[in-house]
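The chain contents come next:
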Amino acid sequence: MDAVDLGVNLFVALFALVDPIGNIPIFAAATAGASMRQRLSVSGLICIFIVVFLAFFFFTGLGLLQFFGISLAAFRIAGGILLLLLGLDMTREDFLKMFADPEAIKDAQSEQGYARRRFQRLIVPFAMPLMIGPGAISTIIIQAGEAEKVGPAGQIAGMVAILAAGLATFICFTLTGPISRLLGEIGMSIVVRVLGLILCALAIQFILAGLSEAIPGMFSSIATTPYPDRGH
């Protein structure tokens with residue numbers, strides 16, 4: 001694998017795992033009533049956080065897990081449990097309301113004040129673990145190992161892929177207004193509930209994968225790797 005292949009593969013994987021398009025309804029609910037500039041400020045802070053966090057794990061993730069004595073299997077199980085709880089919350093009728101903050105409207109005259117308030121509220125559970133979950137972090141750590149084999153060009157390609165994923169997420173969030181108007185309140189609610197169901201299934205998959213690593217032979221390979229021909 002050369003640097004270009006590594007960069008392209010990492011970008012595609014991160015974009016699919018971060019899933020900015022699927023998270024637009026949640027972002028729209030979290031920034032309801034905000035102006036375009038306020039929404040852009042919030043999305044900018046979130047995307048910067050995503051890039052910095054992923055870059056941090058790209059360079060130090062494996063060493064950090066080793067320092068705390070945490071196996072990748074344990075990390076997958078813990079992340080899967082968090083995703084499962086979040087997915088169950090997303091299937092509730094009042095899920096989108098939990099991101100609403102009436103007090104934030106008081107900061108409407110201050111673009112920076114509104115952005116900071118919304119960003120602090122959305123770090124958990126929106127930015128983590130919904131967007132940056134165990135899948136994205138595991139992918140970053142695995143690709144970091146591949147980048148070391150390629151050399152400095154691999155490190156550069158990895159960082160370019162992370163920056164591109166952050167930029168693509170920012171662009172998707174800039175389309176929040178038109179998409180939310182197109183879907184309407186009912187449409188966004190449906191999308192979020194379907195996403196919650198998918199997230200629950202994905203969480204169970206992470207837990208199964210983690211348990212199968214921790215206890216080899218505990219589950220059938222069909223459960224842990226249902227589509228081996230896809231190369232995952």
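This structure is a prediction, so every number in the text was calculated from the model and none was measured.

Novice: Sorry if this is basic, but what is going on with the overall build of the protein here?
Specialist: Helix and strand counts for the protein come out as 9 helices and 0 strands. Seen in sequence order, the protein has helices and strands lined up from the N terminus as α-α-α-α-α-α-α-α-α. Across the 232 residues of the protein, 45% fall into the buried class. Considering only intrachain contacts with a sequence separation of at least 6, the fraction spanning at least 24 residues in the protein is 82%. Accessible area for the protein stands at about 12,100 Å²; split by element, carbon and sulfur atoms hold 68% of it.

Novice: Looking at this structure, I do not really get the packing of aromatic side chains. What am I missing?
Specialist: All chains considered together, the criterion is met by 10 aromatic pairs. Measuring from ring centre to ring centre gives 5.0 Å for Phe53 and Phe57, while their planes differ by 40°; the resulting arrangement is tilted. With a gap of 4 residues between them, Phe53 and Phe57 both fall in helix 3 (residues 36-68), about one helical turn apart. In terms of burial, Phe53 and Phe57 fall into one category: buried. Ring pairing ties together the aromatic residues Phe49, Phe53, Phe56, Phe57 and Phe119, which thus form one cluster.

Novice: Hey, could you run me through unusual backbone geometry in this one?
Specialist: Glycine aside, the phi torsion of most residues is negative, and most peptide linkages are trans. Positive phi outside glycine occurs at Asp19, with the angle close to 50°. Secondary-structure assignment places Asp19 in the loop between helix 1 (3-18) and helix 2 (24-30). Residue class for Asp19 comes out partly exposed when judged on its relative accessible area of 27%.

Novice: Help me understand the nonpolar core, please; the structure alone is not making it clear to me.
Specialist: Note on soluble globular proteins: their nonpolar side chains tend to be buried together. Of all hydrophobic cores here, the largest spans 50 residues; its most connected members are Leu14, Ile46, Leu54, Met90, Phe126 and Ile140. No other element matches the 10 residues that helix 3 contributes to this core. Once you skip the residues sitting within four places of it in the chain, Leu54 turns out to touch Leu14, Ile132, Ala136, Ile140 and Ile162.

Novice: Help me understand helix 8 (residues 176-214) in this model?
Specialist: Two residues of an α-helix separated by three or four positions point the same way, owing to the 3.6 residues in each turn. With 39 residues, helix 8 ought to run about 57 Å at 1.5 Å a step, yet its terminal C-alpha atoms sit only 41 Å apart, falling short of that. Helix geometry: helix 8 is bent most strongly at Gly184, by close to 100°.

Novice: What is the right way to look at the confidence of the model for the protein in this model?
Specialist: For any part of a model where pLDDT is low, the fine detail of the predicted coordinates should not be relied upon. This prediction gives the protein a mean pLDDT of 80; 85% of its residues lie at or above 70. Here helix 9 (residues 221-224) is the element of the protein with the lowest mean pLDDT, 63, and helix 7 (residues 152-174) is the one with the highest, 93.

What counts, and where the lines are drawn
Residues numbered from 1 in each chain as written. Predicted model: local features only at pLDDT ≥ 70, side-chain atom pairs only at ≥ 80, totals over all residues. Heavy atoms only, no water. Helix = DSSP H or I, 4+ residues; strand = E, 2+ residues; numbered from the N terminus. Buried < 20%, exposed > 50% of the residue type's maximum accessible area, 1.4 Å probe, protein only. Contact = heavy atoms within 4.5 Å. Areas by Shrake-Rupley, 256 points an atom, 1.4 Å probe, with all protein chains shown as cover. Phe/Tyr/Trp six-rings, centres within 6.5 Å; stacked < 30°, edge-to-face > 60°. Core = buried A, V, L, I, M, F, W, Y, C linked by side-chain atoms within 4.5 Å. Expected span 1.5 Å × (residues − 1). Bend = angle between axes of the 7 residues up to and from the residue. pLDDT = per-residue confidence, 0-100.

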